[in-house]
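# Structure assessment
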Amino acid sequence: MGDPTLTIVGFEQPKAQRVRTSATARHRNDRIGEENVDRLQLSEQRLELAGAYSPTDRWTLSLMMPVVHRYVSAVNLAQADIWAPGDLEFRARAVVYRDRKFAPQHLVGLIGGLEFPTSSVERDAEGIPLPLEFQAGTGSWDPIVGASYTMFSDPWSVYLSSVGLFPTRGTANTKAGISFRQTALGQLQPWKFLAFQVGVELRIDQPGYIAGVRDPNTGGHITYGTLGIVALPHDKILLHITAAVPLIQRLDGAHEEGVGITGGLIYEI
Amino acid sequence: MRSEICIGAIALTLVLPNCTMVTDGIEVDVAYRAPATPQAVRTDMGYHVKLDRALIAVGRVELLECDNFARRLWGLFVPGRARAHEESTPTSLGVPMIIDLMESSGTPLFAGTLRPPPGRYCGIRVVSAPADADAIGSTPERTEMLKNSVLLEGVVEDSETGGEVPLRALIAELIRWDLQFDEPLVFDSPRSVSISLQIDHLGWFDGIDFAQFAVLDEGAAMQQRLTENIRSSLVAERL
């Protein structure tokens, strides 16, 4: 490996014929609706299995398939426990600028992708699709467009990405709003086998609509602060864990998001 | 080898069966029930009312929590939120519907299911108000119900003289019933109950002397009495 920087899938610099696989577990909590009125409490765990392949030094293609567990509880003590495959995601990342071919310090990339409606549709006893909160995926074809910038300056690295998600109509006649996601991450790698990350993740969502009627508890913006550790216990294995804490919540309606935890393993084939 | 591993991992997740377990929570089914309308309704003053049309528009049904001092106190400090139009919540149904009492036969007409949080509920509020154009039961023949809560049409037969007088009553005002349950509904765990809202429209004309009202003030007092009768004709019954 020419570049000693520890990078998780999606942040790496393309290297011809490089193949990486990963398993990532994510946990998050949401509270939607007014307390004692119509609140839904949602706890989600996802296992994302992904593979990334770089056919050249400029391109990386990746596929990610999540398996989703959702536990939803309503104010009337109703509960739903759902295990289902989520929406398959394909991404292509192209490096459009690098300051030099060998050990570049600056990389600018463009991102394009698509989320496929591979999740199953959960239905009630009458066969009517349940609301989106009870679904493992949106059930829509969602194009992804974005750009990224990476700077490597051993032992530091910086990663910036701006991604827009453009959902189409999905399950239960629901149309999620356009979502803009900004990530800014700084990494310090004092040792070859260990790096520390600190960053900010911002998300701005347009409101969503159900059967043409605005869902009042969608839309707005949220900013997370993130802290993470990346470790290299073996030449081919990378471990990482990140905690994301909401710093600014300006989500529309009654909607609160909780702390998110992400942990994973990357295997370089 | 590399690609086989990737494809295998992705394929594995794609073929994973999904599994959903849904546990129902607290549910309150609400239905209206009205007795069959006879050919002629005999009033307590001896008149026979033959109805051709009898419609009532119901707009909102809401479970009422038993008096909660702390919540009432909190309500004094927290301003209420205006709602542009009726909407359904776990304790209320905002689906407007027009009930044709001429078609009633004593069978329940399902209004919807409330899904309230745990608590003690002492009663139910029902509001009759002019319907929306997209209300359940709204038809081009019932456009009067877009401006009225109740419509009654028919004839009144005087049993003494045998004469018939046409009857047409339109009540535009909002009618609200706060009905108490015999015993509070106490929910502390998931369960389902049904509430029947009995509309006894056969007593709506009691106490009305049609001959007198027609002479005196062209029906305004009759309408007032009719409204009072309607107000006292609804009963909530737990099934």
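In what follows, the structure referred to is the one given above.
The following refers to the structure shown. (Residues numbered from 1 in each chain as written. Chains lettered and ligands numbered in written order. Predicted model: local features only at pLDDT ≥ 70, side-chain atom pairs only at ≥ 80, totals over all residues. Heavy atoms only, no water.)

## Describing the overall build of chain A
- Looking only at helices and strands, one finds 0 helices and 18 strands in chain A.
- For a compact globule of 269 residues, the expected C-alpha radius of gyration is about 18 Å, and chain A comes in at 19 Å, within 12% of that figure.
- With respect to the three principal axes, the spread of C-alpha positions in chain A is 60 × 30 × 30 Å.
- Long-range contacts, defined as pairs at least 24 residues apart, comprise 57% of the intrachain contacts of chain A with a sequence gap of at least 6.
- In the form shown here, chain A has an accessible surface area of approximately 12,500 Å², with 63% of it arising from carbon and sulfur atoms.
- Looking at chain A, you have 24 positive and 28 negative side-chain charges, and the mean spots of the two groups are 8 Å apart. (Helix = DSSP H or I, 4+ residues; strand = E, 2+ residues; numbered from the N terminus. Rg over C-alpha atoms; globule rule 2.2 N^0.38 Å. Contact = heavy atoms within 4.5 Å. Areas by Shrake-Rupley, 256 points an atom, 1.4 Å probe, with all protein chains shown as cover. Lys, Arg positive; Asp, Glu negative; His and termini not counted. Charge placed at Lys NZ, Arg CZ, Asp CG, Glu CD.)

## What to know about the pairing of strand β15 (residues 220-234) of chain A
Residue and element names in this part refer to chain A.
- By the bridge criterion, 12 bridges tie strand β12 (residues 194-205) to β15 in an arrangement that is antiparallel. In the sheet register, V200 faces β15, and the bridge partner there is G225.
- Here 13 bridges tie β15 to strand β16 (residues 237-251), and the two strands are oriented antiparallel to one another. Along β16, the bridge assignment pairs I222 with Q249.
- Hairpin connection of β15 to β16: 2 residues between the antiparallel strands. (Pairing = 2+ DSSP bridges.)

## Structural notes on the interface of chain B and chain A
- Of the residues lining the interface, 30 residues belong to chain B; the matching set on chain A comes to 27 residues.
- With both chains or domains summed, chain B and chain A bury close to 2,300 Å², and 64% of this area falls on carbon and sulfur atoms.
- Our count for the contact surface shared by chain B and chain A stands at 4 residue pairs in polar contact (both at pLDDT 80 or more).
- At the level of secondary structure, the elements contributing two or more residues to the side of chain B that touches chain A comprise α1 (2-14) and β1 (19-23) of chain B. (Buried area = accessible area lost by both parts, 1.4 Å probe. Polar contact = N/O pair within 3.5 Å; in protein donor to acceptor, adjacent residues only side chain to side chain.)

## Re the sheet that holds strand β12 (residues 192-199) of chain B
All names here are of chain B.
- With mixed pairing, 4 strands are arranged side by side in an open sheet as β7-β2-β12-β13. Each edge of the open sheet carries a strand with a single partner, namely β7 (109-114) and β13 (234-238). Here the average twist between neighbouring strands, direction ignored, is 20°.
- Summarising the sheet, β12 and β13 pair through 5 bridges and their orientation is antiparallel. The partner of I199 across the bridge, within β13, is L234. (Axes fitted to C-alpha atoms, helices over the stretch in contact; angles between N-to-C directions.)

## Section: the pattern of salt bridges
Residues and elements named next belong to chain B.
- In the structure shown here, the tally under the stated rule is 24 salt bridges over all chains.
- A salt bridge links E27 to R115; the nearest nitrogen and oxygen atoms lie 3.4 Å apart. Of this pair, E27 sits in strand β2 (residues 27-33) while R115 sits in the loop between β7 and β8 (119-128), and the two are 88 residues apart along the sequence.
- Judged by relative accessible area, E27 falls into the buried class, the value being 15%. (Salt bridge = Lys/Arg side-chain N within 4 Å of Asp/Glu carboxyl O. Buried < 20%, exposed > 50% of the residue type's maximum accessible area, 1.4 Å probe, protein only.)

## Re the sheet that holds strand β13 (residues 209-210) of chain A
Residues and elements named next belong to chain A.
- Across the sheet, 4 strands lie side by side as β9-β10-β13-β14; this open sheet has antiparallel pairing. Because the sheet does not close on itself, it has two edges, and the strands there are β9 (169-170) and β14 (213-214).
- Bridging between β13 and β14 involves 2 bridges; their strand directions are antiparallel. By the bridge assignment, Y209 is partnered in β14 with R214.

## Some details on the state of the cysteines
Residues and elements named next belong to chain B.
- Overall, the coordinates contain 1 disulfide over all chains when judged by the stated rule.
- Between C66 and C122 runs a disulfide, and the two sulfur atoms are separated by 1.9 Å. In this structure, the disulfide formed by C66 and C122 twists by about 95° around the S-S bond and is classed as right-handed. With C66 in the loop between β4 (47-65) and α2 (69-77) and C122 in strand β8, this residue pair connects regions lying 56 residues apart in the sequence. (Disulfide = S-S within 2.5 Å.)

## A word on a nonpolar patch on the surface
Residue and element names in this part refer to chain A.
- On the surface, W191, F193, F196, I229, I241, V245, L247, I248, V259 and I261 cluster together into a nonpolar patch covering about 880 Å² of accessible area.
- At 4 residues, β16 tops the list of elements feeding residues into the nonpolar patch.
- Residue placement: I248 occurs in strand β16.
- Residue classification places I248 among the partly exposed positions, given a relative accessible area of 36%. (Patch = residues over 30% accessible without salt bridge, like charges linked within 9 Å, V, L, I, M, F, W, Y side chains within 5 Å.)

## Digging into helix α4 (residues 220-231) of chain B
Residue and element names in this part refer to chain B.
- Compared with an ideal rise of 1.5 Å per residue, which puts 12 residues at 16 Å, α4 spans 17 Å between its outermost C-alpha atoms and is within 8% of the ideal.
- Within α4, burial applies to M222, L226, T227, N229 and I230. The arc that holds every buried residue of α4, seen down its axis, measures 160°, which confines them to one face. (Expected span 1.5 Å × (residues − 1). Arc of directions from axis to C-beta.)

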